[in-house]
Amino acid sequence: MYSSLFFKRVVTRVLPMAILYCLPTCAVGQAADLFATPPQATKPKVLWEWAGGLLSKDGIARDLQALAQQGIGGVMIMQMPDQAPWPVTWSYRDYPGKVKVLSDEWFDIVNFAIGEADRLGLTVEMFMCPGWNYAASPKLPADKGVKILSHTKTTVTGGGGQVRSLPKPPVGNVSYWTIASWHKDYGREQEFKRDYHSDVAVLATPHGGSGGSIELASVIDLTDRLDAEGNVSWSAPEGEWDIWRISMVSGNHVNHPTPIEAIGLESDRMDPLAIRQVFDDIVGRIHNEAKAKGYKAFIGFETDSYESGYQDFSPDFAQEFLKRRGYDCIPWLPAWTDRHVIIESEQLTSRFKMDMMRTISELWSERFFGTLAAIAKENDLVWKIEPYFGVPLDWRTIAQQGQSGNEFWVTDNELKMVGAAHEAAILYGQNVIWAEAFTAEPQYAAWKNSPHNLKRVADFAYSKGINDFYMHGFHQNSFPDEYQPGVTMGYWGTNLSRHLTWWPFSSGWHTYLARCAYMLRQGVPVADALVYPGTMERIPGEPTSKYRLVTVTDDVLMDKLTVVDGQLSLPHGQRFQALILNEGISLRHDALRRIKELVKQGATLIGNPPPPYSASLTGYPESDNEVRKLIGEIWDGLHPLGKVVPLKGAHRDSVLSAQIGMPDFVGGELLSAHRRLDDGELFFITNQYSDLVVTNASFDVAGLKPEWWNPVDGTIKAMTGYSQTNGRTVLELTLGAYESGFVVFRKKTAADAGPYAAAKAQQTLQTLSGPWQVSFDTRWGGPGRTEFQALEDWSKNSDPGIHYYSGTAIYRKTFDAVDANASILDLGAVHDIAEVTLNGKSLGTVWCAPWQVTIPKGILKKGRNMLEIRVANSWANRLIGDEQEPEDSELIVVNETGDRTGGYTAGVVGRGLKDLPDWLVNRTPRPSANRKTFTTWRYYNREAPLVKSGLLGPVSLRKQSPAQN
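Novice: Could you clarify how one ought to interpret the overall build of the chain in this entry?
Specialist: A count of helical and extended segments in the chain gives 20 helices and 55 strands. Along the first, second and third principal axes, the C-alpha atoms of the chain reach 110 × 75 × 50 Å. Burial analysis of the chain (965 residues in total) assigns 60% to the buried set. When contacts within the chain are restricted to residue pairs at least 6 apart in sequence, long-range pairs at least 24 apart make up 78% of them. When the accessible surface of the chain is summed, it comes to about 36,000 Å², and 50% of that surface belongs to carbon and sulfur atoms. Across the chain, the centroid of the 96 positively charged side chains sits 7 Å from that of the 110 negatively charged ones.

Novice: For this particular structure, what's the right way to read the sheet that holds strand β51 (residues 911-913)?
Specialist: Picture the strands of a sheet paired through backbone hydrogen bonds; they go either parallel or antiparallel. Read from one edge to the other, the open sheet built from three strands follows the order β50-β51-β53, with strand pairing classed as antiparallel. Either end of the sheet is taken by a strand with one partner, and the two such strands are β50 (891-892) and β53 (937-938). Inspection of the sheet shows β51 paired to β53 by two bridges, in the antiparallel sense. Residue pairing for β53: Gly912 is matched across the bridge by Trp937.

Novice: Just to check I follow, could you spell out helix α17 (residues 652-660) for this structure?
Specialist: Given 3.6 residues per turn, any residue in an α-helix points the same way as the ones three and four places further on. Along α17, the positions that sit buried rather than exposed are Arg652, Asp653, Val655, Leu656 and Ile660. For α17, the arc enclosing every buried residue in end-on projection is 160 degrees, short of the 170-degree limit, so these residues lie on one face. The inward-facing, buried residues of α17 contact β23 (529-532), β24 (549-551), β28 (578-581), β29 (604-606) and β30 (643-645). At the exit of α17 stands Gly661, carrying a positive phi of roughly 90 degrees.

Novice: Mind showing me how you'd approach the nonpolar core here?
Specialist: As a rule of thumb, soluble globular proteins bury nonpolar side chains together. In this structure, Trp106, Phe369, Phe438 and Leu827 are the most contacted members of the largest nonpolar core, which totals 221 residues. With twelve residues, the single largest contributor to this core is helix α9 (residues 346-378). The contact partners of Leu827, leaving out residues within four places of it in the chain, are Ala834, Val836, Val846, Trp851, Ile869, Leu951, Gly953, Pro954 and Val955.

Novice: Honestly, the pattern of salt bridges in this entry has me stumped. Any pointers?
Specialist: Once the charged atoms of two side chains with opposite charge are near each other, the side chains can pair. According to the stated counting rule, one finds 57 salt bridges in the structure shown. Through salt bridges that share partners, Asp316, Glu320, Lys323, Arg324, Arg325, Arg358, Glu362, Glu366 and Arg367 make up one connected network.

Novice: Sorry, what's going on with the packing of aromatic side chains here?
Specialist: The description of an aromatic ring pair rests on the distance of the ring centres and on the angle between the ring planes. This model, assessed by the stated rule, comprises 52 aromatic pairs. Judged by centre distance (5.3 Å) and plane angle (85 degrees), the ring pair of Phe408 and Phe438 falls under edge-to-face. Here Phe408 is found in strand β17 (residues 403-410), whereas its partner Phe438 is found in strand β19 (residues 434-440), with 30 residues between them in sequence. With respect to class, Phe408 is no different from Phe438; both count as buried. Between Trp780 and Trp875 the ring centres are 4.9 Å apart and the planes differ by 85 degrees, which places this aromatic pair in the edge-to-face class. Of the two residues, Trp780 is situated in the loop between β41 (772-776) and β42 (785-788) and Trp875 in the loop between β49 (864-872) and α19 (876-882); the sequence distance between them amounts to 95 residues. The exposure class of Trp780 is buried, given its relative accessible area of 7%. A cation over a ring is seen here: Lys147 above Tyr196, with NZ or CZ 5.3 Å from the ring centre. Directly above the ring of Trp772 sits Lys813, whose terminal nitrogen or CZ lies 4.9 Å from the centroid.

Novice: What is the right way to read the sheet that holds β28 from this model?
Specialist: Judged by pairing direction, the sheet is parallel, and its five strands sit side by side in the order β24-β23-β28-β29-β30 without closing on themselves. With one partner strand each, in any of the chains shown, β24 and β30 form the two edges of the open sheet. Between one strand axis and the next, the sheet turns through 25 degrees on average, direction left out of account. As paired elements, β28 and β29 share two bridges and run parallel to each other. Its bridge partner being in β29, Ile580 is matched across the sheet by Ile606. Sitting on the sheet, helix α11 (residues 421-428) is in contact with β23 and β24, with an inclination near 85 degrees to β24.

Novice: Explanation requested: the confidence of the model for the chain in the structure shown.
Specialist: Fine structural detail should not be taken from predicted coordinates in areas where pLDDT scores are low. When pLDDT is averaged across the chain, the result is 91; 93% of the residues are at 70 or more. Taken together, the stretch residues 1-29 has pLDDT below 50 and engages in 89 contacts with residues farther than four places along the chain or on a different chain. Note on residues 182-186: pLDDT is under 50 here. Beyond four places in sequence and across chains, it has 13 contacts.

Novice: So what exactly am I meant to see when it comes to the pairing of strand β36 (residues 715-718) here?
Specialist: In the case of a regular strand, side chains alternate between the two sheet surfaces. The pairing of strand β35 (residues 704-710) with β36 spans four bridges and is classified as antiparallel. By the bridge assignment, Asn710 is partnered in β36 with Thr715. Between β35 and β36, which pair antiparallel in sequence order, lie four residues; one of them, Gly714, sits at a positive phi of approximately 80 degrees.

Novice: Mind showing me how you'd approach unusual backbone geometry here?
Specialist: What you tend to see is this: most non-glycine residues have negative phi, and most peptide bonds are trans. Between His472 and the following residue, Gly473, the backbone shows a cis peptide bond with an omega angle of 0 degrees. For Gly473, the location among the structural elements is in strand β20 (residues 468-475). One non-glycine residue, Phe438, lies in the positive phi region at around 65 degrees. Backbone geometry at Asn726 places phi at a positive 55 degrees, although glycine is not the residue there. Secondary-structure assignment places Asn726 in the loop between β37 (722-725) and β38 (728-735). Taking the relative accessible area as the measure of exposure, Asn726 reaches 80% and is therefore exposed.

Novice: Quick question: what am I supposed to make of the side chain of Glu681 here?
Specialist: In this structure, Glu681 sits in strand β33 (residues 680-686). A polar atom in the side chain of Glu681 sits 2.6 Å from the side chain of His674. Setting aside chain neighbours within four positions, we find Glu681 in contact with His674, Arg675, Arg676, Val701, Val743, Val744 and Phe745.

Reading the values: the criteria
- Residues numbered from 1 in each chain as written.
- Predicted model: local features only at pLDDT ≥ 70, side-chain atom pairs only at ≥ 80, totals over all residues.
- Heavy atoms only, no water.
- Helix = DSSP H or I, 4+ residues; strand = E, 2+ residues; numbered from the N terminus.
- Buried < 20%, exposed > 50% of the residue type's maximum accessible area, 1.4 Å probe, protein only.
- Contact = heavy atoms within 4.5 Å.
- Areas by Shrake-Rupley, 256 points an atom, 1.4 Å probe, with all protein chains shown as cover.
- Lys, Arg positive; Asp, Glu negative; His and termini not counted.
- Charge placed at Lys NZ, Arg CZ, Asp CG, Glu CD.
- Pairing = 2+ DSSP bridges.
- Arc of directions from axis to C-beta.
- Core = buried A, V, L, I, M, F, W, Y, C linked by side-chain atoms within 4.5 Å.
- Salt bridge = Lys/Arg side-chain N within 4 Å of Asp/Glu carboxyl O.
- Phe/Tyr/Trp six-rings, centres within 6.5 Å; stacked < 30°, edge-to-face > 60°.
- Lys NZ or Arg CZ within 6 Å of the ring centre and 35° of its normal.
- Axes fitted to C-alpha atoms, helices over the stretch in contact; angles between N-to-C directions.
- pLDDT = per-residue confidence, 0-100.
- Polar contact = N/O pair within 3.5 Å; in protein donor to acceptor, adjacent residues only side chain to side chain.

Shown next as structure tokens:
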């Protein structure tokens, strides 16, 4: 059932899975306190990127301390190679202190990290194996690796008995980013290739078929005629025949990108023992060693990602196929191993392939993902899964077995969300939806991201229901703090690190993320309708709709849906007002039969009749007769069954509108997420544009007063400008550039609240003009103390020390206040973050528009006042400044063309360190003495344009004006 508003209490200590995500309800009066100071479990986490062997206990301790100090809740260790751009990865030379991944020393360092996290109250999770793959281990033998079907085809002429030698089907090629060790050799594929081979079938078919297709009855099974040497004895009939030797072979899928010593085979997807071995080899050992020391911080592991190997067969696959689908798959296998082969007809071949994919998906789900779920439960660990569409599986069904998550990317315009976790969560009652957050291509990274430009991206994810961020990524820096910004994961992701210029001021941003996550875990998400059928193909395009649509899975459709008061209902309380059929897609006869039952019980079905044949060969041809019969019963115009609404060419949104009314939220271009609570409604609203938005927003809520819960500062205010008619609330929303927040309905109100009341405007009382004293850190090339006659962009300053400056500068001004009743200090514009102190009292950190802080009563004096503003920009300008200096490291260009050249913008080539320079390894003076920074990846060149930096102003004192009627 729905959780009570408000809200759920969360433990503030590291706890096991069973209670970490269980948020017991608390009294209504505690809501504001928990919103203002979010609980530990809602804090954002980071993907903690360990670059090969560049690890040190000192660096790990400093990283974790910096994370805890700025409000991060935990880490997920992501073991990468020394350098990981695309499409090449490489390792640096061995040097004193370098750690071999998966060595005893490496396991000791992981254990140390868990101990430090335990001391600081942070959680620790990790990828199940090095690289971003599901599960691999260097110790895994060939017979426990991923297996695929492979074939050879030999064409023979019939007439007379012959013994023929059939070539052995080839094994898979090693598929991973090219492993290169630049100081030794290039390419080591053969070292990891395995020659596992097991014959499945030998089949003979007429060469070329009849009219381009092969009749099923003409397929001859020769499997029992194959000897151990690969010879087959067969008297072929007259004519030309193709002899297919079909074998199950090693797919040779290995984890990537990863240090060479950590490369191993990906585990068999249909062998529970294989996945258990991978767990025992890496995560199991880490977990046991942490438990032995009494650490509670290690709470889980993750299988990443959709870019791993696909397995389509197992030793017992044919038996399982027969049991599940009701017919033998063996005669059809030539059409599976060779996409050009047609058996019987294109339609029947397509139906066979769908049956294959369904069986493969079921065996992955039960034996691979099911085993992972069992392992997690046995060890009291959280297992995270990324249900993406990179391989054709029923990902929404699979997602229910673990804690599922999406990923979202930083872009300039249309934002990118990958995965179906937010849909699976609705179907299966999962309350926490995690995400790999702020992944970025090189042109959207380059050390230039900061909270104010990341906010829009975060808010987009929140509008999709994501409520647990793992930020990609926080770089582990093993070198002394003089080498900044330090190590990166090639050019991937949003660059975060303890060396980040604005990191010391980031707690307000992290608190914002935690507040949003906290609110979006309350109650249950609201969705309007279900869509069926889904797809197992690569990332499907999400259909455009103003309604909240969820693709329903077969198991939910067949076993979990009921009809209550005309709505489709799930056991955990989720309701949907209609079922929509995807156009032109055939349905299985059993699914169509189930849809008929739901319609008879009172459900609304929207859509035209599907094609008049089953999507499966199970029960063929009788199944096709049943499909045609069911279509007639459901859509027959003379004898309609229940509430069936054909589209007849109309857009489904218009049909939905006629059937269920307006969407739950109508607010122009504003995006929203809606969660229903026992005693109220909660809407997250975001303006994704740089322009002010003023709109009359309509909510599907009546009888409750709206409140504005501001996650930037944790305040709660009643909203007065609204009216309620026809079961809806209409209120005037004014959202500034990229502004967001929560509209919460929880208190009773009259049916009609009257006309709108205009929002209070701000009145400027005083602009702080004239000179400012500004101090720059000389360590990063700054001039020390200087004076600005007026506020200006650092990048426009003629002094190179300011022009190229990155870091924190302190602005100071003494002024006389003309009105001590000013309640707002407005900074105008800031690049990129500011901390404000007035008369020795901290007014907080400003990290996004409207770039204001509140002045509590009694702090501002009528007379003399001292204002101090600490401003931090990004690393970009100092990195560009260093490119003006002589080079002192050997660099490599990895990719000179395409969309991933590694530079700060498209078309600009980035460069990586070929190896660690001698002066760094030996700690000797740097040859290029005027270079201030050190980093393992160079996004910028000499010509790169500088980015805006500093306090741009104008800085003013303001107060709220009385409301205007």
